[in-house]
Amino acid sequence: MNCEAIHCLDTETVRFAIYPDGFDGPRIMARIADDALHNLFGASNDEISLLDACEAHFDVIEAKAVERYRASPCTPITLTANDIEALMPLAEASCS
């Protein structure tokens, strides 16, 4: 897991890179809404907290972004809380 992320204040998202085919393949940019990081992972409003939440839960975030990319490679990827909530039981079980 390698989380390359920046906070984009203007869009209220964290932009991050995914590599669906490994590091030798294409680098795809995706976003997750600040609200998702607040509501699901307890991030506060500051940039560091948002980036830390993205990095701490990147396995779940990346999995959903790759799934979305594979389903529609030419569509921009912006994840919301609804996208991640469906994966949360799976993520919680893997932490046990």
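For the structure itself, consult the block above.
Thresholds, definitions, all that
- Residues numbered from 1 in each chain as written.
- Predicted model: local features only at pLDDT ≥ 70, side-chain atom pairs only at ≥ 80, totals over all residues.
- Heavy atoms only, no water.
- Axes fitted to C-alpha atoms, helices over the stretch in contact; angles between N-to-C directions.
- Helix = DSSP H or I, 4+ residues; strand = E, 2+ residues; numbered from the N terminus.
- Parallel < 35°, antiparallel > 145°, perpendicular 65-115°, else oblique.
- Contact = heavy atoms within 4.5 Å.
- Phe/Tyr/Trp six-rings, centres within 6.5 Å; stacked < 30°, edge-to-face > 60°.
- Buried < 20%, exposed > 50% of the residue type's maximum accessible area, 1.4 Å probe, protein only.
- Core = buried A, V, L, I, M, F, W, Y, C linked by side-chain atoms within 4.5 Å.
- Patch = residues over 30% accessible without salt bridge, like charges linked within 9 Å, V, L, I, M, F, W, Y side chains within 5 Å.
- Areas by Shrake-Rupley, 256 points an atom, 1.4 Å probe, with all protein chains shown as cover.
- Salt bridge = Lys/Arg side-chain N within 4 Å of Asp/Glu carboxyl O.
- Lys, Arg positive; Asp, Glu negative; His and termini not counted.
- Charge placed at Lys NZ, Arg CZ, Asp CG, Glu CD.

Caption draft 1: Structural detail: the packing of helix α1 (residues 34-41) against helix α2 (residues 47-56). Interhelical geometry of α1 versus α2 gives an angle of 70° and a closest axis separation of 10 Å. Regarding the angle of α1 to α2, the classification is roughly perpendicular. On α2, the residues that touch Asp-34, Leu-37, His-38 and Phe-41 of α1 are Leu-50, Ala-53 and Cys-54.

Caption draft 2: Broad picture of the packing of aromatic side chains. Evaluation of the coordinates by the stated rule reveals 2 aromatic pairs. Seen in terms of ring centroids, Phe-16 and Phe-58 are 5.6 Å apart; in terms of plane orientation they differ by 90°. Their pairing is edge-to-face. With Phe-16 in strand β2 (residues 13-18) and Phe-58 in helix α3 (residues 58-71), the pair connects residues that are 42 residues apart, well separated along the chain. Take Phe-16: its relative accessible area is 0%, and that puts it in the buried class.

Caption draft 3: Structural view of the nonpolar core. Residues Phe-16, Ile-18, Ile-32, Leu-37, Ile-61, Ile-77 and Leu-79 are the most contacted members of the largest nonpolar core, which totals 24 residues. Counting only elements with at least two residues in this core, the list comes to β2, β3 (28-33), α1, α2, α3, β4 (77-79) and α4 (81-85). Examining the composition of this core, we find that 6 residues originate from one element, α3, more than from any other. Each residue touching Ile-61, except ones within four places of it in the same chain, is listed here: Phe-16, Ile-32, Leu-37, Phe-41, Cys-54, Leu-79 and Ile-84.

Caption draft 4: Structural detail: a negative patch on the surface. A contiguous patch of negative charge, built from Asp-46, Glu-47, Asp-52 and Glu-55, is present on the exposed surface. Along the chain, the position of Asp-52 falls in helix α2. Relative accessible area serves as the criterion here: at 45%, Asp-52 is assigned to the partly exposed category.

Caption draft 5: Spotlight on the environment of Leu-9. Along the chain, Leu-9 turns up in the loop between β1 (5-8) and β2. Remark: the alpha-carbon pair of Leu-9 and Asp-34, spanning 25 residues in sequence, is separated by 9.2 Å.

Caption draft 6: Structural context of the environment of Ala-43. Mapped onto the secondary structure, Ala-43 falls in the loop between α1 and α2. Since its relative accessible area comes to 9%, Ala-43 is described here as buried. Remark: the alpha-carbon pair of Ala-43 and Cys-54, spanning 11 residues in sequence, is separated by 8.9 Å. Discounting chain neighbours no more than four positions away, the residues touching Ala-43 are Leu-37, His-38, Ser-49, Leu-50 and Ala-53.

Interpretation note: all reported values are geometric properties and have no functional meaning in isolation.
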